[in-house]
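Close look at the chain arrangement
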Amino acid sequence: MQYLQDDQHYIDRYDLRTIEECLDWYWSIREDFNKKRDDGELKKFTKEEFGKEVHKIASYTVNVIKAQRYKQKKETIQKWIDRDSKEQKKFDNAVAPGGVLCKECFSPTKVTSKDLLDSYEPDSQILFMFECLKCKKRQALYEDGTEWHHEDPKCPECNSPLNDKSKNVKNVLTTTYSCSNCDYIKEDIYDFNKSKKEREAREARESKLLTEYRKEFCVDEKVGEEMLLTYEQISRLVDEMKENEKKDKDPQIQKARQLKKLTVVRLGKLITDTIEKEGYTDLKFGKPEMGQHVIIDFSVNEAKEERKEYDSQNTLKKIIKEILEDTNWRLMSDGIHYRLGILTGRLKAFEREQELVELVR
C-alpha cells in the first residue's frame, strides 16, 4: 500500500483546493451582487460599469485568499508529508506474526495481504490476512497476534443476523441482505463502470482546473511575499484606525490631548508672569536631564522679606501646581525647598500619550 506520494502530488492537492476556494468566493460574490442589481445606489451603474466594479470587489477578496493560502502552503504540505511518511513507515516495517497455523487443518499458512486499519488515527493497526496452504481457509491477525473477528451485520428491525448474497453482472455488484427472522431485505448496488467514469470525470476536471487556473490563483514565493507584506500593512493600518476611533471616543484621552505641551522657554515665561505678581523673582532653570523624561531644576528668589519660610514654600508650591495643571509639566514629589530666601525645586515633563492620560486621571 502506498501512503507517501511524491512532492508534486501534495502540491497539486493543495493548489487544487486553493483554486476551488478562490473560484467559489469569486462567483458567490458576483452572484450576491447580481441579486441586488436593482437596489439603491447600484441602479446608477451601467451594465459595463456594474460588471467592472463587482469584478474589483470579488478580485480583492480572492487576492486576500490567495495570500493566506500561500502563507499556509509550505506548512500544510509538510504536515501531509510527515503524516503519510509516518503511516508508510508503519506499514512497511510491520512484521507478520510467525508460526500461524490453519484453524481448521493445522497446516502452515501464508500471508496474502496486509492493510493499515484506521489510518491517521492514533490507534491505527496493521491487519494481516493468512491463507492455509492446504485447505485455503483464511484468518486475519493483527501485528501483535490478536485475531480479528468479523461482526455479522444485524437486522435493523429485529436485531437478528442478516444473510448476505452477492452477484456480479456486467461489472455491477449487487449484495442482497435478508433477515433470518423477519421480512427485512435490503440491496446494495455498486456499479464499477459508473464509479470508474465518475472518477475519470473528477480527475479530468481537477486536471483542467490546475491547467487553467494554477498560474492565476497559486502565486510563487516572490509574489506571495509581496502580497503578504501588502495585506499585513493594510491590516496594521485598519487596526490603527480602529484604535484611533476608540481613542477619539475616550473622554480621558481627549482631555489628555488638550493639555498644553510647553517648551522650556514657554514654560519659563508662563511661570514668571504668574509668580512675579505673587512676590517671587528671578526664575532660573538649571541644565535639563534628558532621560526617559525631561527633568529640570529651577530656582526663584523670595521678594517679600516679611513672608516666613513655611508660608513661602507652600504659597509657591500652590501657585506652580495651579500653573502646570493644564500642561504636560508637573512639580516633582520632592517639592519646594527654601534656604536664605532662595526657593528650589524640580519640574518633570510628560510626552507620551499614555503618560498624559495618567496625568488627567
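The structure we're discussing is the one just above.
Attention here is on the structure that accompanies the text. These figures come from a predicted structure and were not determined experimentally.

The next thing to look at is the environment of Asn171. Note on placement: Asn171 falls in the loop between β4 (162-169) and β5 (172-179). Residues Asn171 and Asp239 lie 68 residues apart in sequence; the distance between their C-alpha atoms is 61 Å. Residues in contact with Asn171, not counting those within four places in the same chain, are Tyr190, Asp191, Phe192 and Asn193. Here the side chain of Asn171 touches Asn193 through a polar contact of 3.0 Å, side chain to side chain.

Here we come to the packing of helix α1 (residues 7-35) against helix α2 (residues 47-93). Direction vectors running N to C along α1 and α2 enclose 155°, while the axes themselves pass 8 Å from each other. Accordingly, the angle class assigned to the pair α1 and α2 is roughly antiparallel. In the crossing of α1 with α2, the sense of the turn from one axis to the other is right-handed. Looking at the contact of α1 with α2 residue by residue, the class counts come to 17 nonpolar, eight polar and 11 charged.

On to the packing of helix α6 (residues 264-275) against helix α7 (residues 309-324). Here α6 crosses α7 at 130°, and the two axes come no closer than 10 Å. Considering their axes alone, α6 and α7 lie oblique with respect to each other. The two elements α6 and α7 meet at a crossing, and its hand is right-handed. Of the residues in α7, those touching α6 at Leu267, Leu270, Ile271, Thr274 and Ile275 are Leu316, Ile319, Ile323 and Leu324. Across the contact of α6 with α7, the residue classes break down as eight nonpolar, one polar and no charged.

Attention now moves to the sheet that holds strand β2 (residues 125-132). With antiparallel pairing, the three strands of this open sheet are ordered in space as β1-β2-β3. The open sheet has two edge strands, β1 (109-117) and β3 (138-142), and neither has a second partner. Each strand axis lies, on average, 25° off the axis of its neighbour in the sheet, ignoring direction. In this sheet, β2 lies alongside β1 in antiparallel orientation, the contact comprising eight bridges. Bridging from a neighbouring strand, Lys114 pairs with Phe128 of β2. Lying over the sheet, α2 contacts β1 and β2, oriented at roughly 165° with respect to β1.

Rules used in this analysis
- Residues numbered from 1 in each chain as written.
- Predicted model: local features only at pLDDT ≥ 70, side-chain atom pairs only at ≥ 80, totals over all residues.
- Heavy atoms only, no water.
- Helix = DSSP H or I, 4+ residues; strand = E, 2+ residues; numbered from the N terminus.
- Contact = heavy atoms within 4.5 Å.
- Polar contact = N/O pair within 3.5 Å; in protein donor to acceptor, adjacent residues only side chain to side chain.
- Axes fitted to C-alpha atoms, helices over the stretch in contact; angles between N-to-C directions.
- Parallel < 35°, antiparallel > 145°, perpendicular 65-115°, else oblique.
- Left-handed = near helix turned anticlockwise from the far one by under 90°.
- Nonpolar A, V, L, I, M, F, W, Y, C, P; charged D, E, K, R; others polar.
- Pairing = 2+ DSSP bridges.

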